[in-house]
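A look at the structure
Given next are the chains, with one letter for each unit.
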Amino acid sequence: MTKRNQRRLLMILAGMIPSAAHADAGLLPLVVVWPVFLVALIPIVLIETEIFRRRLAGVPYFKLFQAVAMGNAVSTILGVPLFIVLLVGGSFLGFRAESFWARNGRLFGLVLAAGYLIPAYFVSVHSEAFVIRKMLKNTKEAILPVSRVANLWSYGVLVIVFIGFTLTIAK
């Protein structure tokens, strides 16, 4: 690493050190959110299974259900580290933009949610498609478009719920 890059890294790290750091800051939100994720998986798996059933003729429903459930479990497991990274990044942005947050709490919350949901959507589409393709022994060309549509429905519902929550709860 060059001296210039070392200085940049040091400046970035120095800017990230809050006055009172807490190592467990991301743990409480995960403890609260994790049960919600698990409960939310039930309707998501049922909706996505129905979408796959309508698009993939001849595959037994229970086999589709198993594949979609496993794909969602894998994408959730992959999404947790992504959530933590973006939560820490969002906390850093929130720490640096307190005055903006105070004036525009709803907008900032929506921006942070979009900052998580957009990459999470792509992780979900590709990880679920990979797992479902392997379990159903099907081609990527057959599974990936259906995974995109199924996840658009799932994430569309999440966006609507989050916007409703933000508009009713946030001041």
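**Remarks on the packing of aromatic side chains**
Summed over all chains, the structure comprises two aromatic pairs. A ring pair is formed by Y121 and F122, whose centres lie 5.1 Å apart and whose planes are at 75 degrees; its orientation type is edge-to-face. Here the aromatic rings of Y121 and Y155 are separated by 5.7 Å at their centres, their planes lie at 90 degrees, and the arrangement is edge-to-face. Residue Y121 is found in helix 5 (residues 105-136), and its partner Y155 is found in helix 6 (residues 140-169); the two are separated by 34 residues along the sequence. We note that Y121, like Y155, is buried. Cluster of aromatic residues (ring-pair linked, three or more members): Y121, F122 and Y155.

**Details of the nonpolar core**
Counting 21 residues, the largest nonpolar core has F52, L56, I132, L136 and I143 as its most contacted members. For this core, the elements supplying multiple residues, two or more each, are helix 2 (27-55), helix 3 (61-96), helix 5 and helix 6. Contact partners of L136, with chain neighbours within four places excluded, come to L56, V59, K63, L64, A67 and I143.

**Quick look at the pattern of salt bridges**
Tallied over the full model, the rule gives two salt bridges. Note that E50 is salt-bridged to R53, the shortest N-O span being 2.4 Å. Placement of both E50 and R53 in helix 2 is noted, with a separation of three residues, approximately one turn of the helix. The class for E50 is partly exposed, based on a relative accessible area of 23%. Looking at R53, the relative accessible area reads 38%, which means it is partly exposed. A salt bridge links R54 to E50, with the shortest nitrogen-to-oxygen separation between them at 2.9 Å. A residue pair is termed a helical-turn pair when its members lie 3 or 4 positions apart in one helix, as R54 and E50 do in helix 2 at four residues. For R54, a relative accessible area of 65% puts it in the exposed group.

**Some points on the confidence of the model for the protein**
A residue-level look at the protein finds 61% of positions with pLDDT of 70 or above and a mean pLDDT of 76. Within the protein, helix 4 (residues 98-103) has the poorest average pLDDT of any element, 54, and helix 6 the best, 84.

**A word on the environment of R53**
Sequence separation of R53 and F65 is 12 residues, and the distance between their C-alpha atoms is 9.0 Å. Residues contacting R53, with those up to four places away along its chain left out, are Y61 and L64.

Conventions we followed
- Residues numbered from 1 in each chain as written.
- Predicted model: local features only at pLDDT ≥ 70, side-chain atom pairs only at ≥ 80, totals over all residues.
- Heavy atoms only, no water.
- Phe/Tyr/Trp six-rings, centres within 6.5 Å; stacked < 30°, edge-to-face > 60°.
- Helix = DSSP H or I, 4+ residues; strand = E, 2+ residues; numbered from the N terminus.
- Buried < 20%, exposed > 50% of the residue type's maximum accessible area, 1.4 Å probe, protein only.
- Core = buried A, V, L, I, M, F, W, Y, C linked by side-chain atoms within 4.5 Å.
- Contact = heavy atoms within 4.5 Å.
- Salt bridge = Lys/Arg side-chain N within 4 Å of Asp/Glu carboxyl O.
- pLDDT = per-residue confidence, 0-100.

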